[in-house]
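# Structural characterization, general
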Amino acid sequence: MTTESSALAVIHSNPSSRPPAHPLGSRARVLLTSVFGPYAQHDEHGSRPDKPMELYHSQVTRTQEAFSLRMFHRSWGLMLIHANINAACALLDFPTLDRFVEEITTNRYDIVGISAIMPNVDKVRTMCELIRRHLPAATIVVGGHVANVSQIEERIDADHIVKGEGVTWMRRFLGEDPDRPVRHPHIVSGIAPRTMGIRLSEKPGDVAATLIPSVGCPLGCNFCATSAMFGGKGNVVHFYRTGDELFEVMCELEKAMGVRSFFVMDENFLLYRQRALRLLDLMIERDKSWSLYVFSSVNVLRSYSIEQIVGLGISWVWMGLEGENSRYTKLHGADTLQLIRTLQSHGVRVLGSSIIGLEEHTPDNIDAVIDFAVNHDTEFHQFMLYSASPGTPLYAELQASGALSHGFPEADLHGQFKFNFKHPHIRNGDETEFLIRAFQRDFEVNGPSVVRIARTVLQGWRRYKNHPDLRIRNRFAWEARDLPVAYAGTLWAARSWFRSQPVLAAKISQVLNDIYEECGVKARLVAPLVGRYLRFMLGREDRRLRRGWAYEPPCFYDLNEAAFASKRA
């Protein structure tokens with residue numbers, strides 16, 4: 001099929017539609033792939049140094065320099081599809097361009113599926129061209145956020161563009177039962193984690209498993225690309241509807257992966273109260289001291305008692321703060337400052353998310369906006385520009401009003417650079433400086449995230465170390481296990497690093513002294529020894545980053561059971 005004819009034959013699909021089945025059905029050979037790297041360097045395909053394949057460093061700890069949390073996350077949507085089809089399927093994650101070409105020139109595939117975000121549309125186009133050249137008979141399927149790019153069918157040469165959840169769509173395309181239960185893949189939440197120049201432990205028990213109960217967002221903020229991707233407000237696909245189903249999956253992951261913590265990738269996990277409380281009952285019944293890292297809107301979180309939150313093992317929560325006097329209903333009536341102080345006093349770490357550039361923001365009030373966010377003193381703080389992603393209600397609204405910027409490159413549509421529309425008050429690219437100012441002020445006032453984490457972990461341990469419920473005590477003991485050595489040494493090194501900033505150094509000293517008081521002589525003896533080593537590694541990392549060092553993820557190549565059987569045959 002030529003480029004021109006195939007582009008005209010593009011079929012826009014979603015999981016609820018019934019695509020024409022592939023003629024080979026489950027006998028088709030499938031390749032699933034993410035876009036090629038590099039990801040943190042300027043290149044002709046749209047890569048940018050300020051858009052690395054690192055969620056935390058890109059959007060959360062961006063200006064924390066050598067203290068920044070660095071890690072990669074696998075392409076979870078591709079992993080879900082890979083684990084849930086009967087056809088022989090290979091998964092190529094984070095390939096180089098050469099590795100991708102090698103795969104499609106040395107193996108025959110009948111279907112090639114590509115997943116990408118919007119900034120990588122040029123890479124998708126290049127990959128489609130290479131597939132047409134080397135696998136001319138293959139069907140090309142493109143999904144992920146890139147499917148919402150305006151006029152995507154004219155930008156890339158694909159046969160199917162799939163919006164939304166891909167497991168159901170791919171099963172139907174292969175002629176398989178779309179309604180059979182979803183098998184949860186074994187996903188390590190973070191790949192190659194590091195901070196302060198130190199590679200963090202990835203041993204079983206030290207890392208979390210990613211758990212995906214649902215996709216889509218029921219709240220549907222007007223700027224939310226995730227909500228738009230799955231059909232807008234109220235559209236949610238549940239893989240596990242009940243607490244019993246979810247508990248069974250978590251037990252399987254615990255056994256297979258050796259984990260006791262779960263990064264729950266669900267846009268508002270606690271909103272489904274019946275499921276969450278049933279999970280709590282089962283955790284109590286089966287004596288599970290798990291830790292859960294969840295996303296939650298503020299008012300949903302407030303609907304639970306602190307006893308329920310602690311009982312569920314909620315030890316980390318990502319919540320949208322958006323901005324003071326936000327018009328978003330998920331924040332109405334909420335005293336977010338008090339809520340966060342309460343959570344932290346019970347050992348719950350918080351990642352707050354704030355938007356820079358809402359309609360009411362101006363150069364005159366932007367410092368007050370930033371100060372409001374910084375005053376929350378959350379363990380992490382994400383700052384994002386108000387962005388109009390294609391497919392969202394905000395994009396449609398701005399398009400209708402003529403406020404969208406013409407010719408805005410998709411490679412820069414990631415919320416960490418500049419507006420793609422004409423803001424009513426902020427002009428001349430000032431938003432970029434405002435965004436960096438927010439990150440810098442949070443770092444200058446509240447210090448490195450790792451120091452804040454130590455503070456809150458210690459608060460939780462002090463409150464619950466003598467709790468009458470052994471299940472609760474065990475969880476807090478596990479979370480506090482690194483206080484006397486790793487955290488004490490980290491704080492010693494951080495205090496040394498910031499010795500020329502007396503206010504921040506005093507804040508770090510206070511947390512370190514609290515650890516000394518709690519953990520005794522062991523922490524006092526070990527902290528300087530570990531701290532000197534960490535201080536050396538911190539300096540080395542700082543010098544390397546200042547020279548322009550960029551981290552890139554390793555390439556992964558996985559075969560499902562049918563693909564393994566095919567290889568053996």
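Residues numbered from 1 in each chain as written. Predicted model: local features only at pLDDT ≥ 70, side-chain atom pairs only at ≥ 80, totals over all residues. Heavy atoms only, no water.

## Some words on the overall build of the protein chain
- Looking only at helices and strands, the protein chain has 22 helices and 18 strands in total.
- For 569 residues, the compact-globule formula gives about 25 Å, and the C-alpha radius of gyration of the protein chain, at 24 Å, lands near that figure.
- Looking at the protein chain as a whole, 60% of its 569 residues qualify as buried.
- Across the protein chain, every contact between residues at least 6 apart in sequence was considered, and the portion connecting residues at least 24 apart equals 76%.
- When the accessible surface of the protein chain is split by element, carbon and sulfur atoms take 52% of a total near 23400 Å². (Helix = DSSP H or I, 4+ residues; strand = E, 2+ residues; numbered from the N terminus. Rg over C-alpha atoms; globule rule 2.2 N^0.38 Å. Buried < 20%, exposed > 50% of the residue type's maximum accessible area, 1.4 Å probe, protein only. Contact = heavy atoms within 4.5 Å. Areas by Shrake-Rupley, 256 points an atom, 1.4 Å probe, with all protein chains shown as cover.)

## Points about the nonpolar core
- The biggest cluster of nonpolar side chains holds 113 residues, and the ones touching the most others in it are Tyr-56, Phe-262, Leu-270, Leu-279, Leu-292, Met-319 and Leu-343.
- Ignoring any residue separated from it by four or fewer positions in sequence, one finds Leu-279 in contact with Gly-243, Leu-246, Phe-247, Met-250, Phe-269, Leu-292 and Leu-312.
- Listed in part, the 36 residues of the second largest apolar core include Tyr-109, Val-146, Ala-147 and Leu-413. (Core = buried A, V, L, I, M, F, W, Y, C linked by side-chain atoms within 4.5 Å.)

## So, the sheet that holds strand β14 (residues 291-295)
- An order of β10-β13-β14-β15-β16-β17 is seen for the 6 strands of this open sheet, with the pairing classed as parallel. The open sheet terminates on both sides in strands that have one partner only, identified here as β10 (209-211) and β17 (380-385). The sheet shows a mean angle of 20° between the axes of neighbouring strands, direction not considered.
- Here 3 bridges tie strand β13 (residues 261-264) to β14, and the two strands are oriented parallel to one another. Looking at β14, one finds that Ser-261 is bridged to Ser-291.
- Each of β16 (349-356) and β17 is contacted by helix α16 (residues 430-446), which is oriented at about 175° to β17, the strand it contacts most. (Pairing = 2+ DSSP bridges. Axes fitted to C-alpha atoms, helices over the stretch in contact; angles between N-to-C directions.)

## As for the confidence of the model for the protein chain
- Per-residue confidence for the protein chain gives a mean pLDDT of 93; residues scoring 70 or more make up 95%.
- In the predicted structure, residues 1-11 sits below a pLDDT of 50 and forms 21 contacts with residues beyond four places in sequence or in another chain. (pLDDT = per-residue confidence, 0-100.)

## Section: the sheet that holds strand β8 (residues 191-195)
- Read from one edge to the other, the open sheet built from 3 strands follows the order β3-β8-β9, with strand pairing classed as antiparallel. Strands at the two margins of the open sheet, each flanked by one partner only, are β3 (70-72) and β9 (198-199).
- Pairing of β3 with β8 involves 2 bridges; the strand directions are antiparallel. Opposite Arg-70, over in β8, you have Arg-194 as the bridge partner.

## Some details on the state of the cysteines
- Applying the stated criterion to the full structure yields 0 disulfides.
- Sulfur of Cys-221: no disulfide; nearest cysteine sulfur belongs to Cys-224 and is 6.4 Å away.
- Judged by relative accessible area, Cys-221 falls into the buried class, the value being 13%. (Disulfide = S-S within 2.5 Å.)

## Focus: the packing of helix α20 (residues 502-519) against helix α21 (residues 521-546)
- Close contact between α20 and α21 brings their axes to 6 Å; oriented N to C, the two are set at 135°. Considered as vectors, α20 and α21 are oriented oblique to each other. Within the contact between the two elements, α20 uses Ile-515, Tyr-516, Glu-517 and Cys-519 and α21 uses Val-521, Lys-522, Ala-523, Arg-524 and Ala-527.
- Its residues assigned to classes, the contact of α20 with α21 comprises 6 nonpolar, no polar and 3 charged. (Parallel < 35°, antiparallel > 145°, perpendicular 65-115°, else oblique. Nonpolar A, V, L, I, M, F, W, Y, C, P; charged D, E, K, R; others polar.)

## Considering helix α13 (residues 336-345)
- Turning to α13, its buried residues number three or more, namely Thr-336, Leu-339, Ile-340, Leu-343, Gln-344 and Ser-345.
- The elements touched by buried residues of α13 are α11 (298-302), α12 (306-311), β15 (314-322), β16, α14 (366-374) and α17 (449-464).
- Looking one or two residues past α13, Gly-347 carries a phi angle of roughly 85°, positive in sign.

## Thoughts on the packing of aromatic side chains
- The tally for this structure, following the rule as stated, stands at 23 aromatic pairs.
- Note on Phe-67 and Trp-497: the rings are 6.2 Å apart at their centroids and 80° apart in plane angle, and the pair reads as edge-to-face. In this pair, Phe-67 is assigned in the loop between α2 (55-59) and β3 and Trp-497 in helix α19 (residues 483-497), connecting sequence segments 430 residues apart.
- By relative accessible area, which is 3% here, Phe-67 ends up buried.
- We classify Trp-497 as partly exposed; its relative accessible area is 22%.
- Residues Phe-223 and Tyr-386 carry aromatic rings whose centres are separated by 6.2 Å and whose planes lie at 70° to one another, so their mutual orientation is edge-to-face. Remark: Tyr-386 occurs in the loop between β17 and α15 (393-401) and Phe-223 occurs in the loop between β11 (214-215) and α8 (225-229); sequence separation between them is 163 residues.
- Over the face of the ring belonging to Phe-556 we find Arg-74, whose NZ or CZ atom lies 4.3 Å from the ring centre.
- Sitting above the plane of the Phe-476 ring, Arg-475 keeps its charged end 4.2 Å from the centroid. (Phe/Tyr/Trp six-rings, centres within 6.5 Å; stacked < 30°, edge-to-face > 60°. Lys NZ or Arg CZ within 6 Å of the ring centre and 35° of its normal.)

## Focus on the environment of Trp-549
- Looking at the element boundaries, Trp-549 is found in the loop between α21 and β18 (556-559).
- The exposure class of Trp-549 is partly exposed, given its relative accessible area of 42%.
- Distance from Trp-549 to Arg-475, taken between C-alpha atoms, is 38 Å for residues 74 residues apart in sequence.

## Quick notes on the pattern of salt bridges
- Scanning all chains against the criterion turns up 34 salt bridges.
- Put simply, Arg-99 and Glu-103 hold a salt bridge, and the shortest N to O gap is 3.0 Å. Linking Arg-99 with Glu-103, this pair stays in helix α4 (residues 97-106), spanning 4 residues, or about one helical turn.
- Residue Arg-275 is joined to Asp-266 by a salt bridge in which the shortest nitrogen-to-oxygen separation is 3.2 Å. Neither Arg-275 nor Asp-266 differs from the other in exposure class; each is buried. (Salt bridge = Lys/Arg side-chain N within 4 Å of Asp/Glu carboxyl O.)

## Description of α20
- Taking 1.5 Å of rise per residue, the 18 residues of α20 would be expected to cover 26 Å, and the 25 Å separating its terminal C-alpha atoms lies within 8% of that figure.
- Those residues of α20 that fall on the buried side of the exposure criterion are Leu-504, Ala-505, Ile-508, Ser-509, Val-511, Leu-512, Asp-514, Ile-515 and Tyr-516.
- Two residues or fewer after α20 comes Gly-520, characterised by a positive phi angle close to 80°. (Expected span 1.5 Å × (residues − 1).)

## Regarding the side chain of Glu-176
- Note that Glu-176 resides in the loop between α7 (166-173) and β8.
- Residue classification places Glu-176 among the buried residues on the basis of a relative accessible area of 8%.
- A polar atom in the side chain of Glu-176 sits 3.0 Å from the backbone nitrogen of Asn-86.
- Among the polar contacts made by the side chain of Glu-176, one reaches the main-chain amide nitrogen of Ala-87 at a distance of 3.4 Å.
- Dropping the residues within four chain positions of it, Glu-176 is found in contact with Ser-26, Asn-84, Ile-85, Asn-86, Ala-87 and Arg-171. (Polar contact = N/O pair within 3.5 Å; in protein donor to acceptor, adjacent residues only side chain to side chain.)

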